[in-house]
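Summary of structural features
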Amino acid sequence: MNLARARNLIAFVFLVMTSLCAVLYFQQIGAFRPLDRFILDQLQAFNRSHYPKPAPPVVIVGLDESFLNAMPVPLSLSHFELADALQAISAGGARVIGMDLVLPEKRFDQIVRSDRDSDTFHKALLKGLLKASRQTPVVTGKVWDAEHNRFRPVQVDYLSILKQQRGHFSPYASALFCADSDGRVRAFPGADCQPDGTDSGLALEMLHAAGFKPLARPDGLINYQIGQPFRYIPMGEVLRNYQDNHLAWLRNTFEGKPVLIGSVLDNLDGHRAPLPIASWLGDRTLVPGVLVHGQILRSLMAGALIHPLGAMWSFVLMCVGLLAWCGRSGWVKAWGFVLVVGVSLMLNVVLLQKNMWFAPAGLWVLGTCMAVARVAWDGMNDLAEKKRLRAAFGGYVSPPVLDEILSGRLHASQGGVHCEVCVLFSDIRGFTTLSEAMPAAEVVALLNHYFARMTRIVHKHQGTVDKFIGDGLMAFFGAPNSLPNAPANATACALEMLQALAEINAERESRGQFPLKIGIGLHAGAALVGHIGSPDRYEYTAIGDTINVASRVEGLCKDVGSSLLCTARVADSVASEYDLSSRGHWPLKGHSDMEIFEIKGPK
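Quick caveat: nothing in here was measured; it's all calculated off a predicted structure.

Helix and strand counts for the protein stand at 19 helices and 22 strands. Relative to the compact-globule value of 25 Å for 603 residues, the protein shows a C-alpha radius of gyration of 46 Å, a clear excess of over 25%. Along the three orthogonal principal directions, the C-alpha set of the protein runs to about 140 × 50 × 45 Å. The burial tally for the protein puts 47% of its 603 residues in the buried class. At a minimum sequence separation of 6, the contacts of the protein that also span at least 24 residues come to 73%. Counting 56 positive and 54 negative side-chain charges, the protein places the centres of these two groups 6 Å from one another.

Moving on, we come to the pattern of salt bridges. Enumeration according to the criterion identifies 12 salt bridges in this entry. Among the ionic pairs, R37 bridges to D180, the shortest N-O distance being 3.7 Å. Here R37, found in helix α2 (residues 33-50), pairs with D180, found in the loop between β7 (178-179) and β8 (185-187); they are 143 residues apart in sequence, far enough to count as distant. For the pair R37 and D180, a shared accessibility class is recorded, and that class is buried. Between D41 and R186 there is a salt bridge whose closest N-O contact spans 2.7 Å. Here R186 lies in strand β8 and D41 lies in helix α2, a separation of 145 residues in the sequence.

The end-to-end C-alpha distance of helix α17 (residues 486-510), which contains 25 residues, comes to 36 Å, matching closely the 36 Å that a straight helix rising 1.5 Å per residue would cover. Among the residues trailing α17, G512 stands out with phi positive, at a value near 75°.

On to the sheet that holds strand β2 (residues 96-99). Pairing in this open sheet of six strands is parallel, and the strands run β6-β3-β2-β10-β1-β9 from one edge to the other. Edge positions in the sheet fall to β6 (172-174) and β9 (232-234), since each of these pairs with one other strand and no more. Across the sheet, the mean angle separating the axes of adjacent strands is 30° when strand polarity is ignored.

Right, let's get into helix α6 (residues 156-163). Among all positions in α6, only Y158, L159, I161 and L162 are buried. All buried residues of α6 fall inside an arc of 160° around its axis, so they share one side. Those residues of α6 that are exposed and aimed more than 90 degrees away from the buried face are V156 and K163. Contacts from the buried residues of α6 go to α4 (79-91), α5 (121-135), β3 (138-142) and β6. The opening residue of α6 is Q155, an N-cap whose side-chain oxygen sits 2.8 Å from the backbone nitrogen of D157.

Quick notes on the rules
Residues numbered from 1 in each chain as written. Predicted model: local features only at pLDDT ≥ 70, side-chain atom pairs only at ≥ 80, totals over all residues. Heavy atoms only, no water. Helix = DSSP H or I, 4+ residues; strand = E, 2+ residues; numbered from the N terminus. Rg over C-alpha atoms; globule rule 2.2 N^0.38 Å. Buried < 20%, exposed > 50% of the residue type's maximum accessible area, 1.4 Å probe, protein only. Contact = heavy atoms within 4.5 Å. Lys, Arg positive; Asp, Glu negative; His and termini not counted. Charge placed at Lys NZ, Arg CZ, Asp CG, Glu CD. Salt bridge = Lys/Arg side-chain N within 4 Å of Asp/Glu carboxyl O. Expected span 1.5 Å × (residues − 1). Pairing = 2+ DSSP bridges. Axes fitted to C-alpha atoms, helices over the stretch in contact; angles between N-to-C directions. Arc of directions from axis to C-beta. Polar contact = N/O pair within 3.5 Å; in protein donor to acceptor, adjacent residues only side chain to side chain.

Now the structure itself:
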């Protein structure tokens, strides 16, 4: 392995490792989390719509507007109604009752209601809570009091009754949620988001109270794709059926099911869910908190909390993004990116049905980084390669031809193309005789100096130097880049070549050397321009009658006694700019007679 390849390999490894570590770091700090959350929400909505899964039944008893309007007292004094509801649900054979309500902090034992028996508010609720909890486990929620840095206390009598229940569960559980930075509740409210550091949430304690097998891993994401949006049973309907002793209705509604009691009012205890889960709210995702507890309970009962793939699998899938380095074609990379995005989304559709999840944003970002890095890498290498080729071959072909080759627009497989060109031939008069009296080294030095000057002039006028033939030069204008008026470029070039020759002769005469004389012939017409030769050796040149005529015209310069001649095709194109003089019709070898013009200079 040479030094250049070793250096490239080291740079490649460094680039790959840097990109991978950077993406993993940003993923670790949550930079891609908003995109991953959005993808998760959309995929859960897709699965719920196209691959619906039934969820364990959870009954919601809602305190709604109709209940409030029928209440003869404020909601905070609904002790009698709550006591009756608890007894009704218990009589219906509910498996567990969860209250997303806060029990009173104080005893209301000095107040009675005229429409009720002599029981006080406090005594009525105590009786209802006691009677219900003896038949059905009851769990009530507690809320955090940030001002006093504690959970709000419950009146000791109520708490005492709750604690008398049998079973391994806490009857007084947190009703708090863990909202993400966008305000949506996605994560199971475990110990990491509870102020007291315990995982004693309302839904989890209801699960334990109902006798379900305790979860070995009570964490993960709430599964919103199971079950359809909730419907609720109005609290007023429950109370009416209880008061009318409709036991059959109560059993049909509640028997064997977990029941959650809570507010379904729009302006009370609203939380953002990733998906709509309230049937009466349509597409709204701002829903009552009791429904979020219900969805958590569904997830727990179905054992369907969503967990991310293991770190090893996540790392392996992340590394797929490194494959974006492969291939040079931009289209291949674009379609490859589309394929990776599609496959990762389909993979997550399947994983979510199995209660697993892979966050794909890091993979997509890594793939994009690698694709961009490869494009930049190839661009720098191509630039360096073109610079090297330009330095190596710039003296062998004209700049326009080299530019076309390096850009990929010109290659040997194209063959030749027919185009309109103007061909220039020049030749040093009497050079054979002159060179016989000069050492070979001086001859080479003279030709190099002469051709260097003339080549720069040809390139200046956007011409292509085809070849050097001894002391002669052939160039053409109009290929590979077309020109608006190729004869005008060729004429201007020829006149500047004569001016440059005068400067060369002045230098030679100052050194006591003989001056040089040249003849230049121009002709315009169609030619076949392209790569001519064998697969092993070819050159970019022009062939055709136009080239032969230009060569013959250059040969007439000595006979006519002029340094610059052209054919009528050239003369017609430049007559408005240059002073021309017809030298009559002359026979050309292998061609019919043609009118020849002398170009004397600009008008």
